[in-house]
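Residue-level structural notes
The residues making up each chain are set out below.
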Amino acid sequence: MDRDQLKALPASDRWIFVRGRIVSDSVDMDAALRGLHAALRGRDDRKALLDAPANWTEAVKKCRQLLDRYEPIDADMRGAIHSAIDAAAEAWSERNRYMHDLLDARIQGEDDPSRIAENVKPRADDDRYRFRLARQKDAPEVKSVSLDDAIREVESIVAAMWRLRAARNFLAYGSWQSMLRGHVEGDWEGNASWVGSDDD
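Values in this document were obtained by computation on a predicted structure and should not be read as measured data.

**Examining the sheet that holds strand β1 (residues 102-104)**
An order of β1-β2-β3 is seen for the 3 strands of this open sheet, with the pairing classed as antiparallel. One side of each edge strand has no neighbouring strand; the edge strands of this open sheet are β1 and β3 (142-145). Sheet twist, expressed as the mean angle between neighbouring strand axes with direction ignored, is 30°. On the sheet, helix α2 (residues 11-40) packs against β1, β2 (128-131) and β3 and is oriented at approximately 45° with respect to β2.

Pasting the structure below:
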């Protein structure tokens, strides 16, 4: 579904669709992380994907540890791969908020609107309050998010996924270096564009 079709849906249906995209694209990003984990162990087979830790946070931690011990690359490329892992971890953290927080069009019940800062009030029909259901360090209890914010999250996940794929392909085949080192932007269609570094 293209963005014009998405915008033609009722607001509640838009959110259902976009949250579905966040889920499906984050599954692809998870697979890309597992592919990187396999490449860091010198493997490039599907079965190797199953050997990554099941928990995302643990898989990220293990990839970072393996990367720090990975000998055949220089510090510059190691830094580029660390940056790709960091971008994926950040996208995953925000993904969790769209998946695990409560999205509501209005403040209800015991939530006192006077306690909610002016900057978290919905701005349009398809904006939502995002209420925390679990305590997290340094995270607001409530935040106003727009559909465009959620679409940008899809694009962030897509970009992070492509950077992880680039890291895997670089380690396995020596290719995709320009994507790994360049600035990558994901798009709504699931593709990525990038500007390579000057020394590629």
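**Some words on the pattern of salt bridges**
The final tally for this structure, using the stated rule, is 17 salt bridges. Here D76 ties to R181 by a salt bridge, and the two come within 3.1 Å at their closest N and O atoms. Placement of D76 in helix α5 (residues 75-100) and of R181 in helix α7 (residues 177-181) is noted, with a sequence separation of 105 residues between them. Since its relative accessible area comes to 43%, D76 is described here as partly exposed. Overall, R181 belongs to the partly exposed group, its relative accessible area being 22%. Taken together, the salt bridges that share partners define one network made up of E94, R97, D101, R130 and R132.

**Points about the pairing of strand β4 (residues 183-186)**
Only one face of β4 is buried: it carries V184 and G186, and the other face, with H183 and E185, is open. With 4 bridges connecting them, β4 and strand β5 (residues 192-195) associate as antiparallel partners. For V184, the partnering residue across the bridge sits in β5 and is W194. Linking β4 to β5, which pair antiparallel, is a turn of 5 residues; within it G190 sits at a positive phi near 100°.

**Remarks on the nonpolar core**
The nonpolar side chains of a soluble globular protein tend to be buried, and buried together. Residues V18, M29, L36, I81, L171 and L180 are the most contacted members of the largest nonpolar core, which totals 49 residues. Looking at this core, the elements with two or more residues in it are α2, α4 (56-69), α5, α6 (147-173) and α7. Element by element, the count of residues in this core is highest for α6, at 15 residues. Ignoring anything within four residues of it in the chain, the contact list for L171 reads L36, A39, L40, Y70, I73 and I81.

**A word on the confidence of the model for the protein**
Per-residue confidence for the protein gives a mean pLDDT of 88; residues scoring 70 or more make up 90%. Mean pLDDT across the elements of the protein bottoms out in β2 (86) and peaks in α4 (97).

**Focus: the side chain of R95**
Relative to the helices and strands, R95 resides in helix α5. E153 provides the closest opposite charge to the buried, unpaired R95, separated from it by 7.3 Å. Those residues within four positions of R95 in sequence are excluded, and the remaining contacts are I22, S26, H100, E153 and I157.

**A short note on the environment of S175**
One can find S175 in the loop between α6 and α7. Residue contacts for S175: discarding those within four places in its chain leaves A166, N169 and F170.

**Let's talk about the environment of A167**
Along the chain, A167 falls in helix α6. Exposure remark for A167: the relative accessible area of 0% places this residue in the buried category. Sequence-distant contacts of A167, defined by excluding residues within four places in its chain, comprise L36, I81 and L180.

**Quick word on unusual backbone geometry**
In this structure, W176 takes a positive phi of about 65° despite not being glycine. Here W176 shows up in the loop between α6 and α7.

Basis of the calculations
Residues numbered from 1 in each chain as written. Predicted model: local features only at pLDDT ≥ 70, side-chain atom pairs only at ≥ 80, totals over all residues. Heavy atoms only, no water. Pairing = 2+ DSSP bridges. Helix = DSSP H or I, 4+ residues; strand = E, 2+ residues; numbered from the N terminus. Axes fitted to C-alpha atoms, helices over the stretch in contact; angles between N-to-C directions. Contact = heavy atoms within 4.5 Å. Salt bridge = Lys/Arg side-chain N within 4 Å of Asp/Glu carboxyl O. Buried < 20%, exposed > 50% of the residue type's maximum accessible area, 1.4 Å probe, protein only. Core = buried A, V, L, I, M, F, W, Y, C linked by side-chain atoms within 4.5 Å. pLDDT = per-residue confidence, 0-100. Lys, Arg positive; Asp, Glu negative; His and termini not counted.

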